[in-house]
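Observations on the model geometry
These are the residues of each chain, in order.
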Amino acid sequence: MTNLYIPSSLTIDCLEEIIRHLVDHRSSLFSCLLVNRLWCKLAIGLLWSRPFEYHINVKRFSMIIQTYISCLPIAEKQMLRSKNKRILPEVTTKRKSIINTIDNKKKYIYSNNDQLLFNYSKYLRILDLSNFQNGVKQYLTTVNIESYQIISFTVQILINFLIRSTDTLHHLVINNPIMRLFFDITLLPNIEKINQKISSISKIDLFLQRKDAPEIYQGYIKLIAHLSKHSKNLNKISIINDFQDCQPEVLRHIFKLIEIQNYLEEITVWEFQNPSTFQWIYTALKSQSNSLKYLGIKRFRNFSIFLDFLKSCKSLKSLEILDFFVEDGYTPLYIPFNSTISEEIKLEKFSCCENYSKSSVFSLTMTIIIRMANKNLRELILGDSTDELIEEIQQNCPNIIKLSLTLYTTSFEKLLPLLSSSKLEFLYLESKFDSSALTPNFMQKFAISLPKSLLHLGMDLGIINEGLRLFFEEYGNCGVALYTIELYNYLLDDRVLEAITKYARKVGGLKKLKISEVNTNISEKALQEAKDVISSVVLL
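Cut-off values and rules
Residues numbered from 1 in each chain as written. Predicted model: local features only at pLDDT ≥ 70, side-chain atom pairs only at ≥ 80, totals over all residues. Heavy atoms only, no water. Salt bridge = Lys/Arg side-chain N within 4 Å of Asp/Glu carboxyl O. Helix = DSSP H or I, 4+ residues; strand = E, 2+ residues; numbered from the N terminus. Buried < 20%, exposed > 50% of the residue type's maximum accessible area, 1.4 Å probe, protein only. Patch = residues over 30% accessible without salt bridge, like charges linked within 9 Å, V, L, I, M, F, W, Y side chains within 5 Å. Areas by Shrake-Rupley, 256 points an atom, 1.4 Å probe, with all protein chains shown as cover. Lys, Arg positive; Asp, Glu negative; His and termini not counted. Charge placed at Lys NZ, Arg CZ, Asp CG, Glu CD. Polar contact = N/O pair within 3.5 Å; in protein donor to acceptor, adjacent residues only side chain to side chain. Contact = heavy atoms within 4.5 Å. Core = buried A, V, L, I, M, F, W, Y, C linked by side-chain atoms within 4.5 Å. Phe/Tyr/Trp six-rings, centres within 6.5 Å; stacked < 30°, edge-to-face > 60°. Lys NZ or Arg CZ within 6 Å of the ring centre and 35° of its normal.

A closer look at the pattern of salt bridges
For the structure on display, the rule yields 19 salt bridges. Here Arg 371 and Glu 392 are joined by a salt bridge, their closest N and O atoms 2.6 Å apart. Taken together, the positions of Arg 371 in helix H13 (residues 359-373) and Glu 392 in helix H14 (residues 387-396) put the pair 21 residues apart, joining distant regions of the chain. We classify Arg 371 as buried; its relative accessible area is 18%. Among the residues examined, Glu 392 registers a relative accessible area of 10% and is labelled buried. Of the charged contacts, one joins Lys 414 and Glu 391 as a salt bridge, the two residues approaching to 3.0 Å between their closest N and O atoms.

This is the structure in structure tokens:
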């Protein structure tokens, strides 16, 4: 009889690391619950680490809140039941627990702790306060309770319990002041213990969704003010503002929250609309200039104040201007351009995808940042590239390995010398408007100009199929082995796909092909032939 080799069981550490990779696959985690008790325990921790992160249906929201209520200590359940018996409905006598009230009279309240397999509250890592409060409202609605006072009281009881019960809370999402926060953090019991937990939070997201009078969301303001005193160990802050301006009282607490941090590494912030707030923002940011590694700016308007801050940054590696925005009639305060910029920053990644200003203003701003980053810059994304910017990149950024540009097709001739002299590993190009300049002959020149180091090529250029076909035929003759090709918004046919397949077969190395499924005219036969040669063919 042949001896069977039975591998030893994985250690808990290995198994935990494997299951952690399923954190975004809830259906797989639910399957893990059924394997055995160990797998169940590990999966439960992930499933309950961020129960309010997603928008889910009313029934599931209600079940989550009901489960948390079941985890409450008996005394706090009694407090909820004293407000309204429907919050904790009576159950059969066998499942009742008896406690002594202050007047020593015995009373029955709902308790099913003995039936819970886990203390679900201790696994909480990410708390979205808006979704949590919506969950409480929806649960109470299912038991026919709509009183604002009872909703507020229930939220306060549960918030107090959740924060003090978990040792893993690290991310707080503070959203939706329109609906008001249903609790005042300064009135919560056990405030000292709650302050200890707050001090260990490492990430906060603040969403400011409309301009309201402060009295409309006093709980929101008090929470931000409290955090600005007790939450000093944040690594990441995100401030998103969906309206044009914000109450000064809120801004004052937000900027203080930034200033008190011991070691802030990442922040995303809006410049807001009121010019008087520009200096506030960058004064607060300057307090973190020694530690800040990532900065994202939304509605970028004022380069002169920003430049003064940028010069002070000692550790900034990544800068993302989410949109370069100058409204009609608004004149930004720009410093006179000096062609000899002596300041050098350690910036390695720079991105500015959206430009809503005059091209000359945009080009000047980008030029200054590119020159300051100089040889340190390794990744660059520009959503509006001009001939002048292409020349600046070629002259000042020899170490770029990842480049993404959106440009007019008339600028492609300027791009060829940059490409041929670069060390690029990743290249994505998108054309604006007319693509008539990208003739089949030009595409052959383009293929010859691509660097030998290139591994990933993405194109959204509006090229005719004949141009694409000739490009891949010429590229195959160059012997450059790409790992990934992405083609967007093309009416592809069999001849193009056959040229790509022939290229992959000739040079080897091509593992991924991503093409737009919309308006694609490719036969099953050609598609199958491509899949036989290329490991992964994905229709986007």
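So much for the structure itself; the text now carries on.
A closer look at a positive patch on the surface
Residues Lys 229, Lys 232, Arg 252 and Lys 256 make up a contiguous surface patch of positive charge. For Lys 229, the location among the structural elements is in helix H9 (residues 218-230).

Overview of the side chain of Gln 288
Relative to the assigned elements, Gln 288 resides in the loop between helix H11 (276-286) and strand S8 (294-298). At a separation of 3.3 Å, a polar atom in the side chain of Gln 288 contacts the main-chain amide nitrogen of Leu 264. Residues within four places of Gln 288 in sequence aside, it is in contact with Ile 258, Glu 259, Gln 261, Tyr 263 and Leu 264.

Re the nonpolar core
Phe 306 and Phe 350 are the most contacted members of the largest nonpolar core, which has 160 residues in total. Every residue in contact with Phe 306, bar those within four places of it in the chain, is listed here: Tyr 282, Leu 295, Ile 297, Phe 300, Leu 319 and Ile 369.

Some points on the packing of aromatic side chains
Geometrically, a pair of aromatic rings is defined through the distance of the ring centres and the angle of the planes. Overall, the coordinates contain 22 aromatic pairs when judged by the stated rule. Ring geometry for Phe 412 and Phe 446: centres 6.4 Å apart, planes at 80°, overall edge-to-face. Placement of Phe 412 in helix H15 (residues 412-420) and of Phe 446 in helix H16 (residues 440-449) is noted, with a sequence separation of 34 residues between them. Across the pair, exposure class does not vary: Phe 412 and Phe 446 are buried alike. For the ring pair Phe 471 and Tyr 475, a centre distance of 5.5 Å and an interplane angle of 20° mean the geometry is stacked. You can see Phe 471 and its partner Tyr 475 sitting in helix H17 (residues 465-478), four residues apart, about one turn around the helix. For the pair Phe 471 and Tyr 475, a shared accessibility class is recorded, and that class is buried. A cation sits over an aromatic face here: Lys 83 above Phe 153, 4.8 Å from the ring centre. The residue whose ring lies beneath Lys 402 is Phe 426, and the NZ or CZ to ring-centre distance is 4.8 Å.

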